[in-house]
Each structure stands twice: as structure tokens, then as C-alpha cells.
Amino acid sequence: MQVFVVGGAVRDALMGLPVNDRDWVVVGSTPEAMTAQRYLPVGKDFPVFLHPQSREEYALARTERKTARGYKGFAVHADPSVTLEEDLARRDLTVNAMAVPEALAHAEPSAWAGHIVDPYGGQADLHNKLLRHVTEAFAEDPVRILRVARFAARFADFSVANETIALMRQMVENEEADHLVPERVWQELAKGLMSERPSRMFEVLRACGALKVLLPELDRLWGVPQRAEYHPEVDTGVHMMLVMDMAARLNTPLSVRVACLMHDLGKGSTPADVLPRHIGHEGRSVKLLQKVCERLRVPTEVKELAEVVAREHGNIHRSADLNAEAVMRLLERCDAFRQPERFERVLQACECDARGRLGFDDAAYPQAERLLKAQQAALSVETAPIAQAAAAQSLKGPQIGAQIAKARVKAVAASL
């Protein structure tokens, strides 16, 4: 029995990045031998065990053979005859197909010289900052299209090998991407959105044609013009990528990044005869993002934030020109009083939108501060005394609400 640390832990250590999780491969063993050594079996689809002390995952070396389309369509073969090289061959990218013996796993990478098992050139590709598939078996799993795109977003200075893009394009043409499980698509997209440069994920997906299959609502934004006086970058797809990278730069949470991604989807269906204006795109964006979120099983709270941003981002951008009554109505539409923390995320997404334009990346966004002050002013109004006084005058529910709203408008006016 031989044990190796494999995959991302080796890659990250060689890159000087922190290693948070380690994956282990066991060569020359059996499930019975593992359980005899008190490893706990946990794998459903292939033999994976938890170490009795560290609780890290140890998988028996295995090969995989595609039997049907879809994520579950693989036959797994794991027995003592499977070699380490055969196990590494089933991995997606060469930079993820390296292994180090267990005895050296916790040593500094400088001590690994001469001991790294690297049959597919992962070290050279790391040096050349290249994402390249291991073997043609890459084409058997369409999830790998998303993984490559996600790695391109995480390691933004890496390029994807031409032959890998070509293979991914062939997979799309063979309709492999059509059979991806929605939950897995969302999982990979979410990871990519939280990467250093989310735009790279979408660039790769566009390059291989997968974006048109997975997110056609987003794909059709490229080539759609906007008014140059508001959007010097003109192209709506380019604007979207600037917004996404601004969201990463401002270290926003996932819900904000999803809202940024979907806030302008309606511009893709603007009638050609009114371009480059996009009258009513906000409402169209809401309807489109609802369909996307339903299709990809996006969490409800994430979808609801995206709906508010899509519907109200234009009004928030123009809020400096609104009087107290209009600001109050805007805050109410955003549910800023019942969900004050979510409103902050709405404003974050709007700031990303405003600064995600050519030449505006360092621009101020005073609208956020102004609206937050107005929100706090309205929330500072003590509603209980107003309700008691109104009740003493025999006023009913809607009338009491009107009195509270009047007091809040007055407080908002004082804050502006």
C-alpha cells in the first residue's frame, strides 16, 4: 500500500499558495484492507475513506470509463492493480495531475525535488502558466468545461491551451454541455463568480461556445450597443465583464455578484430600431433572471436580491435628483426598512454597475451614502408613539401607516 497527496494540494504548494485541503490516493490496497486499518468508508460512487485520526479523505486509485451522458454516467474501476499514473490520467488538467509521496506531503515544496510524480507535464505547465487537459478522456465529463473556465477565473494570469479550447468546443458541438445537471452548473458558476477575475470564466465559456448553451441570456449581450455618453465601452457584454471584475475588486459576496451578472439581461432583447437606448430593459431583465434562477436552482434569497437590483438600479443611479418623497418610495420598493442589510448589498451591486464602465473604475458613488443616510433617518423615526397618538384619534391601520410614512419623509428630507 502506497499513499500520495494529489491534485490541488500539490499545485497550490508549488505555487506558494496556502493549502487548506489535501486529497490522498491509495495505491495497491482494497476496501477490506482499508477498513481493517480503521479507515471509515464514505464513498457512494467510488471507494473513499476517512482517515481514523485526521478525518481527511483517502481514495483508492481508480480509473473511470464513460457509459452514458450526464454526471453519473461513469463506470468506476478500483483495485490494487490500478497504478498511480492511471489514476492521475483521469484528472482534468495537468496542473491537477501531480502527486507527492505521503512521507513528504507536509514538507516544504523545496524538499520535493526528484520526488514529484508528474507523468503529464504539470510542473512545466505551472511554470508556463498554462491550463491544459491531461488526456482526450477529458471530453467524457462536460463538467470539466466549467472547471477549466473556473480555474481561468481563479488563476487570472494563466491561459487555456489552444488544444484544450478546441476540445471543449468539440464537446459543445457534440451537445455534451446540454446534459449538465443544473445544480452542478450553479455550483461551478458560483465558485467562478467568487474568483479573482470572474470575467475570465465567461471569456473561456464564450470561446468554446458553452456560454450560449448554459447562459444564452448573457451570451447575447455581446455586440449589443449602449449609449456612448453613459457607456464609453459601448458593448453591453464588455460592460458586464467590467462590472463582474469590479464586484471582485470590491470583495462583494456571492449574492451581489449574481445580481451584477443579471442586472442588464434585458438589454439583449431590446428592439433593434430603438438601439442604443434600452427603454424598459429593467422589467425585461427581471423576467429573464427569474427564468435563469429557476433553471439553475439559484437560492431564493440570491434571486430576490438580483430582482431588486435589476428593477431599481437605474432609479438608484439617478437618486441624487430625487426629492424626499421619491427617495422614500424608492426605499420602500427596495424593502429597505424590513431588510436593511440586503439594501446595503443592493447598493453594492449598483456601485459595481456604475464603476464597471470604461474610465469609471475609480469614480466615487455618492448615491450609496446618500441613500444609506436616508434609510437610517427613516429607521430612526420612533413609530410606536405615532401609532399610539393616531389610535387615540380613532385612526385605522392605513391611516396610521400614512402618519408613520409622513414622519419618515420628514426625517428623510432632513438627511438629504
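Here the residue numbering is sequential within each chain, running from 1 through the sequence in written order. Whole-chain, interface and lining totals are the exception, using all residues; otherwise, since this is a predicted model, local features are given only for residues with pLDDT of at least 70 and side-chain atom pairs are given and counted only at 80 or more. Excluding hydrogens and water, the side-chain figures rest on all heavy atoms present in the structure.

Caption draft 1: Summary view of the sheet that holds strand E2 (residues 23-27). Across the sheet, which stays open at both edges, the 6 strands sit in the order E3-E4-E5-E2-E1-E8 with mixed pairing between neighbours. Edge positions in the open sheet fall to strand E3 (40-41) and strand E8 (99-101), since each of these has one partner strand only. When DSSP finds at least two bridges between two strands, those strands are taken to pair. Per the convention used, a helix needs a DSSP run of H or I reaching at least four residues, while a strand needs a run of E reaching at least two, with both numbered from the N terminus. Taken together, the 3 bridges between strand E4 (residues 48-50) and strand E5 (residues 57-60) define a ladder with antiparallel strand orientation. Residue pairing for E5: Val48 is matched across the bridge by Ala59.

Caption draft 2: Quick peek at empty space enclosed by the protein. As defined here, a cavity is a set of points on a 1 Å grid over the protein atoms alone where a 1.4 Å probe fits but cannot get out. A pocket is an open set with protein on both sides within 12 Å along at least five of seven lines, and residues line them when an atom is within 4 Å of a point. Grid points are joined across faces, edges and corners, and a volume is the space filled by probe spheres set on the points. What the rule picks out here adds up to 2 cavities of 30 Å³ or more. Taken together, the elements giving at least two residues each to the lining of the largest cavity come down to helix H7 (182-193) and helix H12 (254-262). In this structure, the second largest cavity occupies an estimated 40 Å³ of space. Lining the second largest cavity are Leu215, Glu217, Leu218, Leu261, Met262, Leu265 and Val292.

Caption draft 3: Structural context of the side chain of Gln367. Mapped onto the secondary structure, Gln367 falls in helix H17 (residues 366-379). Of the residues examined, Gln367 reaches a relative accessible area of 15% and is grouped as buried. Definition of a polar contact: a pair of N or O atoms within 3.5 Å, with one able to donate and the other able to accept a hydrogen when the atoms are protein atoms, and with sequence-neighbouring residues admitted only if both atoms are side-chain atoms. Within the local environment of Gln367, its side chain forms a polar contact with the backbone oxygen of His317, the two atoms lying 2.9 Å apart. Those residues in contact with Gln367 that sit more than four places away from it in its chain are Ile316, His317 and Ser319. Throughout this description, buried means an accessible area under 20% of the type-specific maximum (1.4 Å probe, protein chains only), exposed means over 50%, and partly exposed covers the range between. Between two residues, a contact is recorded if the distance between any of their heavy atoms is within 4.5 Å.

Caption draft 4: Examining the layout of surface pockets more closely. Quantified by volume, the largest pocket comes out at close to 1500 Å³. If you go around the largest pocket, you meet 42 residues; those closest to its centre are Asp23, Phe46, Arg62, Arg147 and Arg184. Elements supplying a minimum of two residues to the lining of the largest pocket: helix H1 (8-14), E2, E5, strand E7 (74-77), helix H5 (143-154) and H7. Per element, the largest residue contribution to the lining of the largest pocket is 6 residues, and it comes from H5. Split by residue class, the lining of the largest pocket holds 15 nonpolar, 6 polar and 21 charged. Roughly 690 Å³ of internal volume is contained in the second largest pocket. What lines the second largest pocket is a set of 27 residues, among which Tyr230, His231, Lys267, His317 and Arg318 lie closest to the centre. Among the elements of the structure, helix H13 (281-296), helix H14 (300-317) and helix H16 (340-355) are those that each provide at least two residues to the lining of the second largest pocket. With 3 residues, H14 is the largest single contributor of residues to the lining of the second largest pocket. Side-chain classes follow a simple rule in which Ala, Val, Leu, Ile, Met, Phe, Trp, Tyr, Cys and Pro form the nonpolar group, Asp, Glu, Lys and Arg form the charged group, and the remainder, Gly included, forms the polar group. Among the residues forming the lining of the second largest pocket, the class breakdown is 8 nonpolar, 10 polar and 9 charged.

Caption draft 5: Here's a closer look at the nonpolar core. Membership of the largest hydrophobic core comes to 107 residues, with the highest contact counts inside it found for Leu189, Phe202, Leu205, Leu218 and Ile316. Those residues in contact with Leu189 that lie beyond four places of it in its chain are Leu146, Met201, Phe202, Leu205, Leu215 and Leu296. Put simply, a nonpolar core is a bunch of buried Ala, Val, Leu, Ile, Met, Phe, Trp, Tyr and Cys residues held in one set by side-chain atoms that sit within 4.5 Å of each other.

Caption draft 6: Structural context of the packing of aromatic side chains. The rule is short: rings of Phe, Tyr and Trp, with Trp giving its six-membered ring, pair when the centres are within 6.5 Å, and they are stacked under 30 degrees, edge-to-face over 60, tilted in between. On inspection of all chains with the given rule, the structure shows 4 aromatic pairs. Between the aromatic rings of Trp24 and Tyr58, the centroid separation amounts to 5.2 Å while the plane-to-plane angle is 5°, which identifies the pairing as stacked. With Trp24 in strand E2 and Tyr58 in strand E5, the pair connects residues that are 34 residues apart, well separated along the chain. Ring-pair connections join several aromatic residues into one group, and the members of that group are Trp24, Tyr39 and Tyr58. Two limits define a charge over a ring: the Lys NZ or Arg CZ must be within 6 Å of the ring centre, and within 35 degrees of the ring normal. The ring of Phe151 carries Arg150 above its face, with NZ or CZ at 5.2 Å from the centroid. Stacked on the ring of Phe360, the Lys or Arg Arg357 has its end atom at 3.8 Å from the ring centre.

Caption draft 7: Highlighting H14. Here H14 contains 18 residues, and its C-alpha end-to-end distance of 25 Å stays within 8% of the 26 Å for a straight helix at 1.5 Å per residue. Consider a residue and the seven residues that end there alongside the seven that start there; fitting an axis to each set, the bend is the angle between those axes. Along its length, H14 shows its largest kink, about 50°, at Arg311. Of the positions making up H14, those classed as buried are Val302, Leu305, Ala306, Glu307, Val308, Val309, Ala310, Glu312, His313, Gly314 and Ile316. In this fold, the buried residues of H14 make contact with H7, H12, H13, helix H15 (324-333), H16 and H17. In this analysis, the expected span of each helix is defined as 1.5 Å times one less than the number of residues it contains.

Caption draft 8: Expanded view of the packing of H7 against H12. For helices, the axis comes from a line fit to the C-alpha atoms of the stretch in contact; other axes are also lines fit to C-alpha atoms, and the angle between any two N-to-C directions lies between 0 and 180 degrees. The geometry of H7 relative to H12 is characterised by a closest axis approach of 10 Å and an angle of 100° between their N-to-C directions. Judged by the inter-axis angle, H7 sits roughly perpendicular to H12. Residues Trp186, Ala190 and Leu193 of H7 pack against Leu254, Arg257, Val258 and Leu261 of H12. Grouping the amino acids of the contact of H7 with H12 by side-chain chemistry returns 6 nonpolar, no polar and 1 charged. The cut-offs work like this: below 35 degrees is roughly parallel, past 145 is roughly antiparallel, 65 to 115 is roughly perpendicular, and the gaps in between are oblique.

Caption draft 9: The arrangement of the pattern of salt bridges in detail. Salt bridges are defined as contacts in which a side-chain nitrogen from Lys or Arg sits within 4 Å of a carboxyl oxygen from Asp or Glu. For the structure on display, the rule yields 21 salt bridges. In this structure, Arg132 engages Asp125 in a salt bridge whose closest nitrogen and oxygen atoms are separated by 2.7 Å. Of the charged contacts, one joins Glu312 and Arg333 as a salt bridge, the two residues approaching to 2.8 Å between their closest N and O atoms. One end of the pair, Glu312, is in helix H14; the other, Arg333, is in helix H15, and 21 residues separate them in sequence. With relative accessibility at 2%, the residue Glu312 sits in the buried group. Each member of the salt-bridge network shares a partner with another, and the members are Arg11, Asp12 and Arg154.

Caption draft 10: Layout of the pairing of strand E1 (residues 2-6). Burial analysis of E1 places 4 of its 5 residues in the buried class, which makes it a mostly covered element. Note that E1 and E2 share 5 bridges and pair antiparallel. Opposite Val5, over in E2, you have Trp24 as the bridge partner. Across 3 bridges, E1 lies against E8 in antiparallel orientation. Residue Val5 lies in a different strand from E8, and its bridge partner there is Val100.

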